[in-house]
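Letter by letter, the chains look like this.
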Amino acid sequence: MSALLSFGFVDVALRKLGATRDRHPASYGDSWVDHLGWGADSAFIAARLLFSGQYVGAAAVLRSQFERWTENAAYNAGVHHEKGESAASFAGRAWSACHRGYPSALRVREEAGGIHYGSDVADLDFWEDERNSDTFQGPGVTIGEGYVVYPAAMMNSMSELLHGRGSFVDVARWEASDLLENEPSVLREVSQWLTDVLMLNLRQIRLCLATLAEEDEKPQVAKGLFSLPERTYAGDVGPVFSSLFPLLPQTGLDADSMDLVRKAEYAYELVMQGRRPAGRLYRDDEMTLLYFYERRARAGRWAMKAFESEKEKLADKFDLDGLSSRSTMYIMAAEMASALSVWFGATPQGDAAATCSSSLRSAYWLWLEDDDRAMSALRVVLEQCARLRVWSIKPEKAAKLEESPAATPKDWINAAGLRRLQSLNRALGEFAHFHAKIRLEGARDILQKMQRNGEHEDAQYTARGHALDALAALLMAESIRSASVLSPVMSKAFEEIAEEVFQDEGGLQQSLDDLLQRSLLLKNAPLGEYSLRGPADRTRRSEGD
C-alpha cells in the first residue's frame with residue numbers, strides 16, 4: 001500500500017500532459033505519454049498479483065518493467081553496458097547513477113540518435129545473463145529518508161524467483177499448496193523487495209513525466225510530481241477480495257464486483273476534478289485504494305468490450321460456457337502441480353511444481369485481461385515443466401543443472417528431450433523481457449503459426465490462448481509422470497483427470513505430440529526486427545529512451 005501511495009500526482013500529470021483517459025491498462029501506448037501511463041498502470045497490475053499471493057507472476061511483471069526503466073535510467077545518466085557485465089550489475093550502476101541527485105536528475109540530450117550502450121544493440125545479450133550471485137549487492141539507491149535499496153540485488157532476486165530457485169521460492173509453495181496460510185519466514189522480505197522494485201519503477205516514471213512537463217512548459221506539473229514524501233504509511237488494509245478476482249462473468253465481472261470498483265472509479269474522477277465526494281479529504285490509505293480500484297474498473301470495462309466484440313463476431317457460436325471449461329482445465333492443471341509440490345516437499349521437484357502451479361494461475365489471470373505478460377508467466381511454466389521432467393528421467397543430469405548458477409530454460413528443455421519446443425521457448429522468451437532488443441511481432445507470429453489453424457485470418461486472436469492451453473497440457477503430462485515416481489495410484493488418478501479434460505481422440509498425449517511437431521516445424525522461424533524505437537525517432541515526443 002505504501003509503494004502504491006508513492007504514485008502520488010502521477011495521474012494528474014498524465015492527464016495534464018494528454019494521456020488517453022480510458023487506455024487499456026496493459027497497452028504499451030502509441031505515444032510517449034501513454035507509454036508512461038502503461039508503466040504506471042503496470043505497477044497496479046503487479047500489485048494485484050501481490051495482493052493475491054501470486055508472487056511469481058508479480059515478479060514476471062515487475063522484472064519486465066524493471067528492465068524497461070533500467071534502460072531509461074541508463075540512457076538518462078549516460079551509463080553504458082560493459083562487455084561481460086551481468087544484467088544485475090548493469091542495473092545497479094544505471095539506477096545509482098541516474099538517481100544520485102534525485103529528483104534533480106535530467107535526461108541526457110544527444111544530437112545523434114539511437115540507444116547507446118557502448119556497442120551496437122544487435123550485439124547485446126546481457127539481459128539474458130542471469131548469473132546468480134547471492135552475495136552481490138552493488139551500489140544502493142536511497143528512497144525517502146535514509147532507506148537504501150539495491151537494484152542489482154533486486155534483479156538477482158527476481159531472477160531466482162522466476163527460475164524457481166533459492167529460499168524465496170517458498171512464497172510460490174505458500175500460494176500454490178498452503179493456500180495463503182502458514183506464512184513462510186521469507187514472506188515479509190520478499191514482499192518488501194518486490195514493492196521496492198515497484199516503487200523504483202514509479203520513481204523513474206515520475207522523472208520522465210517531470211521532464212515531459214518541463215518541455216511542455218508546465219513547471220508546476222513537474223514540481224507537483226515530487227511534492228509528496230516517497231515513503232508514507234498507507235494503512236494495513238488492502239483491496240477487497242472481489243477486486244482481485246479473475247475477470248470472468250461469474251467472478252470479477254459479476255454485477256457486485258463491478259459495481260464496487262465503478263463506484264470507486266466515479267469517486268476518483270470527482271477527486272481528479274478537485275471535488276470532495278466523501279464530503280472531506282480522503283486519507284492516504286483511501287486514496288491508494290481509489291488508485292487501485294480505478295484501474296480494476298478500467299480492466300473490467302475492457303474485458304467486457306472484448307466479450308461483446310467476440311459475441312458480435314461469433315454470433316450464435318458465442319459460448320461463455322467454453323471459457324468456463326477452459327478455466328476448469330487450467331485450475332485442474334495448477335492443482336495437480338500443487339498436490340505434487342506437497343508430496344515432494346522442499347526439494348527441487350517440489351519447488352518446480354509449486355512454481356508451475358502459481359505461474360500458470362497468474363498466466364491465466366493475465367490472459368483474461370489481454371496482457372502479453374501472461375506469456376512471460378508461461379515461460380516460467382515451460383522451464384519448470386522441463387525441470388520436473390529431467391528429474392523424472394535423468395536425475396543425475398538434473399542434479400548437475402541445479403548446481404549451475406547459469407542454467408537457462410533452454411538447458412532444461414534440451415536435457416528434458418524437448419528440443420522440439422525450442423521455438424515455443426524462443427517466442428515466450430521475447431515476452432519475458434521488455435528492453436531494446438525484444439521482437440514481439442516475430443514472437444506473435446511463431447505463436448500464431450504453432451496452432452493447427454495457424455494460417456487462418458483469426459489465428460492471431462487465439463495464439464496466446466493456444467499457448468496457455470498447450471502449457472496447461474504439458475503441466476498435466478509432467479505431473480502424471482512425476483507422480484508415478486511417488487505413487488502409481490496417484491499417477492493413475494491424475495491420468496483419469498486428464499482423460500476427463502482431453503476427450504478428443506488420442507487425448508492428452510496426442511495433443512502434446514501435435515504441439516511438439518508444429519513447434520519443430522518452426523525451429524528456424526525468424527523473430528524479425530526489434531519492436532521498440534529509441535530517442536533518435538524525432539517523430540515521437542520526448543521519449544527519454
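Residues numbered from 1 in each chain as written. Predicted model: local features only at pLDDT ≥ 70, side-chain atom pairs only at ≥ 80, totals over all residues. Heavy atoms only, no water.

## Concerning the overall build of the protein chain
- When you go through the protein chain residue by residue, the secondary structure sums to 21 helices and two strands.
- Here the protein chain has a C-alpha radius of gyration of 23 Å; the compact-globule value for 545 residues is 24 Å, and the two agree.
- Taken along its principal axes, the extent of the C-alpha atoms in the protein chain is 70 × 55 × 50 Å.
- For the protein chain, buried positions account for 56% of its 545 residues.
- A fraction of 74% describes how many contacts in the protein chain between residues 6 or more apart in sequence connect residues 24 or more apart.
- The distance from the centre of the 62 positive side-chain charges to the centre of the 79 negative ones in the protein chain is 3 Å. (Helix = DSSP H or I, 4+ residues; strand = E, 2+ residues; numbered from the N terminus. Rg over C-alpha atoms; globule rule 2.2 N^0.38 Å. Buried < 20%, exposed > 50% of the residue type's maximum accessible area, 1.4 Å probe, protein only. Contact = heavy atoms within 4.5 Å. Lys, Arg positive; Asp, Glu negative; His and termini not counted. Charge placed at Lys NZ, Arg CZ, Asp CG, Glu CD.)

## A closer look at the environment of Gly140
- Its location among the elements puts Gly140 in the loop between helix H5 (87-98) and strand E1 (141-143).
- On the basis of relative accessibility, which here comes to 30%, the residue Gly140 falls in the partly exposed class.
- Each C-alpha atom, one on Gly140 and one on Ala416, is 39 Å from the other, the two residues being 276 residues apart in sequence.
- Excluding its chain neighbours within four sequence positions, the residues that come into contact with Gly140 are Ser96, Val148, Val149 and Tyr150.

## What about a nonpolar patch on the surface?
- Where nonpolar side chains cluster on the molecular surface, the patch consists of Val342, Trp343, Val485 and Leu486 and spans about 370 Å² of accessible area.
- Positionally, Val342 belongs in helix H12 (residues 320-344). (Patch = residues over 30% accessible without salt bridge, like charges linked within 9 Å, V, L, I, M, F, W, Y side chains within 5 Å. Areas by Shrake-Rupley, 256 points an atom, 1.4 Å probe, with all protein chains shown as cover. Salt bridge = Lys/Arg side-chain N within 4 Å of Asp/Glu carboxyl O.)

## Focus on the side chain of Arg387
- Among the structural elements, Arg387 can be located in helix H14 (residues 373-393).
- We classify Arg387 as buried; its relative accessible area is 3%.
- Of the polar contacts made by the side chain of Arg387, one reaches the side chain of Gln384; its length is 2.9 Å.
- Dropping the residues within four chain positions of it, Arg387 is found in contact with His163, Gly164, Pro348, Asp351, Ala352, Glu402 and Trp412. (Polar contact = N/O pair within 3.5 Å; in protein donor to acceptor, adjacent residues only side chain to side chain.)

## Regarding the packing of helix H6 (residues 151-162) against helix H8 (residues 187-215)
- Between H6 and H8, the least distance of the axes is 10 Å, while the angle of their chain directions is 120°. The orientation of H6 relative to H8 falls into the category oblique. Taken as a pair, H6 and H8 cross one another with a handedness that is left-handed. Contacts between H6 and H8 involve Pro151, Met154, Ser157, Met158 and Leu161 on the former and, on the latter, Trp193, Leu194, Asp196, Val197 and Leu200.
- Per-class residue counts for the contact of H6 with H8 are eight nonpolar, one polar and one charged. (Axes fitted to C-alpha atoms, helices over the stretch in contact; angles between N-to-C directions. Parallel < 35°, antiparallel > 145°, perpendicular 65-115°, else oblique. Left-handed = near helix turned anticlockwise from the far one by under 90°. Nonpolar A, V, L, I, M, F, W, Y, C, P; charged D, E, K, R; others polar.)

## Here's the deal with a positive patch on the surface
- A cluster of like positive charges, contributed by Lys394, Lys397, Lys400, Lys410 and Arg419, occupies part of the molecular surface.
- Structurally, Lys410 is set in helix H16 (residues 409-415).
- Take Lys410: its relative accessible area is 48%, and that puts it in the partly exposed class.

## What to know about the packing of H5 against H6
- Here H5 crosses H6 at 145°, and the two axes come no closer than 7 Å. Considering how the two elements wind past one another, H5 and H6 form a crossing that is right-handed. Contacts between H5 and H6 involve Ala87, Ala88, Ala91, Gly92 and Trp95 from the former and Pro151, Ala152, Met155 and Asn156 from the latter.
- Tallied by class, residues from the contact of H5 with H6 come to seven nonpolar, two polar and no charged.

## Details of the pattern of salt bridges
- A complete count under the given rule lists 36 salt bridges for this structure.
- Salt-bridge contacts for Glu160 lead to Arg165; the nearest nitrogen and oxygen are separated by 2.8 Å. Of the two residues, Glu160 and Arg165, neither departs from the other in class, the shared state being buried.
- A salt bridge links Asp351 to Arg173; the nearest nitrogen and oxygen atoms lie 2.7 Å apart. Linking Asp351 in helix H13 (residues 348-368) with Arg173 in helix H7 (residues 170-176), this pair joins segments that are 178 residues apart in sequence.
- Through salt bridges with shared partners, one network takes in Asp11, Arg23, Asp41, Glu294, Arg295 and Arg298.

## Some remarks on the packing of aromatic side chains
- The full count for this structure, using the stated rule, is 18 aromatic pairs.
- A centroid spacing of 5.3 Å and a plane angle of 5° characterise the contact between Phe66 and Trp95, whose relative ring orientation is stacked. Of this pair, Phe66 sits in helix H4 (residues 55-77) while Trp95 is found in helix H5, placing the two residues 29 residues apart along the sequence. Of the two residues, Phe66 and Trp95, neither departs from the other in class, the shared state being buried.
- Aromatic side chains Tyr330 and Trp367 sit 6.4 Å apart centroid to centroid with 80° between the ring planes, which places their arrangement in the edge-to-face category. Linking Tyr330 in helix H12 with Trp367 in helix H13, this pair joins segments that are 37 residues apart in sequence.
- The rings of Phe7, Phe44, Tyr268 and Tyr291 are connected pair by pair, giving a single aromatic cluster.
- The positively charged end of Arg295 is found above the aromatic ring belonging to Phe44, 4.7 Å away from the centroid.
- Sitting above the plane of the Trp302 ring, Lys305 keeps its charged end 4.3 Å from the centroid. (Phe/Tyr/Trp six-rings, centres within 6.5 Å; stacked < 30°, edge-to-face > 60°. Lys NZ or Arg CZ within 6 Å of the ring centre and 35° of its normal.)

## Here's the deal with the confidence of the model for the protein chain
- Averaged over all residues, the pLDDT of the protein chain equals 90, while 90% of them reach at least 70.
- Here residues 105-124 scores under 50 on pLDDT; set against residues more than four positions off or in separate chains, the count is 46 contacts.
- Confidence drops under a pLDDT of 50 for residues 536-545, and excluding neighbours within four residues, the segment shows 36 contacts in the predicted structure. (pLDDT = per-residue confidence, 0-100.)

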